[in-house]
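Each chain, letter by letter, is given below.
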Amino acid sequence: MEMTIPVSDGTIGGYLAEPAGAGPHPGVVLIHDAFGLSQDTKDITDRFAREGYLALSPDLYSRGGLFRCVRRVFSDMFANRGRAFDDIEASRALLAARPDCSGRIGIAGFCMGGGFALVAASRGFEASAPYYGQLPKNLSVLDDACPVVASFGKKDFGLRGAAAKLETALTERGVPHDVKEYPDASHGFANKIDTAAPVNLLLKVVGFTYHHEAAEDAWRRVTSFFGEHLQQPAPPSH
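Anyway, here's the lowdown on the structure attached to this text. (Residues numbered from 1 in each chain as written. Predicted model: local features only at pLDDT ≥ 70, side-chain atom pairs only at ≥ 80, totals over all residues. Heavy atoms only, no water.)

Right, let's get into the pattern of salt bridges. Under the counting rule described, the total for this entry stands at 12 salt bridges. Between Lys42 and Glu2 there is a salt bridge, with the nearest N and O atoms lying 2.7 Å from each other. Highlighted residues: Lys42 in helix H1 (residues 39-50) and Glu2 in strand S1 (residues 2-7), separated in sequence by 40 residues. For Lys42, a relative accessible area of 15% puts it in the buried group. (Salt bridge = Lys/Arg side-chain N within 4 Å of Asp/Glu carboxyl O. Helix = DSSP H or I, 4+ residues; strand = E, 2+ residues; numbered from the N terminus. Buried < 20%, exposed > 50% of the residue type's maximum accessible area, 1.4 Å probe, protein only.)

Structure, rendered in structure tokens:
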């Protein structure tokens, strides 16, 4: 369902999907790709709920839409700080405060959102699932990262070598992880785009193509990994 999320300068939009049962349930904050809080993002949020997660996707473009906000949000991602990260923390805090949330919360993200999920892995989450996310320029932000399950496509030429680099960085830091690169998949392989829209048809032409087998395998890995790290008692309060 559509909802508003209280943030430092007012509110932003978001989409919440609630699992069946009274809970408490683990939570997931889902960060959309560069094209915003699309129906595809909402569908994935719903899918997390069907797996038993209280899932919330904040709209990082709430303050003006894609064309007015995309540059600012990407700048925050590359700087590892800024209002977008404040919005993500507000989303995490909203879930954590709910009586139907166990307090154990993961973060997942696609494309741009995958970059945010990697940086936010050291910011209060219990597990992170970046899909084809841009690696931080300074990998020291992963020093205190939570467990990470990451998925890349070998035909994603913009992120060539990213999977191996992330694997090495997480291994060196002793971070529990599952990093996989799919040989036949490209960027956006887990996102279903509407090719009837001219801009999305262009995305398909340049290689942003859904790959069912890779998407489903990545989903199984993510839900298994989240099950291991999130389906536990809530962390002790201090």
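On we go.
Let's shift gears to the nonpolar core. Of all hydrophobic cores here, the largest spans 74 residues; its most connected members are Phe48, Phe116, Tyr131, Phe152, Leu166, Phe189 and Phe226. Here the element with the most residues in this core is helix H7 (residues 212-230); it accounts for 8 residues. Contact partners of Leu166, with chain neighbours within four places excluded, come to Leu118, Leu135, Leu142, Ala150, Phe152 and Val179. (Core = buried A, V, L, I, M, F, W, Y, C linked by side-chain atoms within 4.5 Å. Contact = heavy atoms within 4.5 Å.)

Between its first and last C-alpha, H1 extends 16 Å over 12 residues, near the 16 Å set by a 1.5 Å rise per residue. Looking at H1, one finds that the buried residues are Asp40, Thr41, Lys42, Ile44, Thr45, Phe48 and Ala49. In this fold, the buried residues of H1 make contact with S1, strand S2 (10-17), strand S3 (25-31), strand S4 (54-58), strand S5 (101-110) and H7. Looking one or two residues beyond H1, the residue adopting positive phi is Gly52, at roughly 100°. (Expected span 1.5 Å × (residues − 1).)

Let us look at the pairing of S2. With 6 bridges connecting them, S1 and S2 associate as antiparallel partners. What sits directly across from Ile5, in S2, is Ile12. If you look at the hairpin formed by S1 and S2, you'll find 2 residues sitting between the two strands. (Pairing = 2+ DSSP bridges.)

The next point concerns the side chain of Ser91. On the secondary structure map, Ser91 appears in helix H3 (residues 83-97). Setting aside anything within four residues of it in sequence, one finds Ser91 in contact with Ile5, Val29, Leu56 and Pro58.

Take unusual backbone geometry next. In this model, Gly23 is joined to Pro24 through a cis peptide bond whose omega is 5°. Checked against the element boundaries, Pro24 lands in the loop between S2 and S3. Positive phi is not limited to glycine here, since Cys111 has a value of about 60°.

Sheet topology places strand S7 (residues 148-153) next to strand S8 (residues 177-182); 6 bridges connect them, and they run parallel. Looking at S8, one finds that Val148 is bridged to His177.

With that settled, the discussion passes to the environment of Gly14. In this structure, Gly14 sits in strand S2. Along the primary structure Gly14 and Leu37 are separated by 23 residues, whereas in three dimensions their C-alpha atoms are 8.0 Å apart. Excluding residues within four positions of it along the chain, Gly14 makes contact with Met1, Glu2, Met3, Ile5, Leu37, Ser57, Pro58 and Asp59.

The sheet built from 8 strands is open, its strands ordered S1-S2-S4-S3-S5-S6-S7-S8 with mixed pairing. In this open sheet, the two edge strands, each paired with only one partner strand, are S1 and S8. Averaged over all pairs of adjacent strands, the angle between their axes in this sheet comes to 25°, without regard to strand direction. In terms of strand pairing, S3 meets S5 through 6 bridges, oriented parallel. Among the inter-strand pairings, Gly27 is bridged to a residue of S5, identified as Ile105. (Axes fitted to C-alpha atoms, helices over the stretch in contact; angles between N-to-C directions.)

Quick look at the side chain of Glu216 now. Among the secondary structure elements, Glu216 is positioned in helix H7. If sequence neighbours within four positions are ignored, Glu216 has contacts with Arg47 and Tyr210.

Our focus in this paragraph is the packing of H1 against H7. Axis separation between H1 and H7 bottoms out at 12 Å; the angle between their running directions is 45°. Overall, the two elements H1 and H7 adopt an arrangement that is oblique. Viewed along their axes, H1 and H7 form a crossing whose handedness is right-handed. Contacts between H1 and H7 pair Ile44, Arg47 and Phe48 from the former with Glu216, Trp219, Val222 and Phe226 from the latter. Grouping the amino acids of the contact of H1 with H7 by side-chain chemistry returns 5 nonpolar, no polar and 2 charged. (Parallel < 35°, antiparallel > 145°, perpendicular 65-115°, else oblique. Left-handed = near helix turned anticlockwise from the far one by under 90°. Nonpolar A, V, L, I, M, F, W, Y, C, P; charged D, E, K, R; others polar.)

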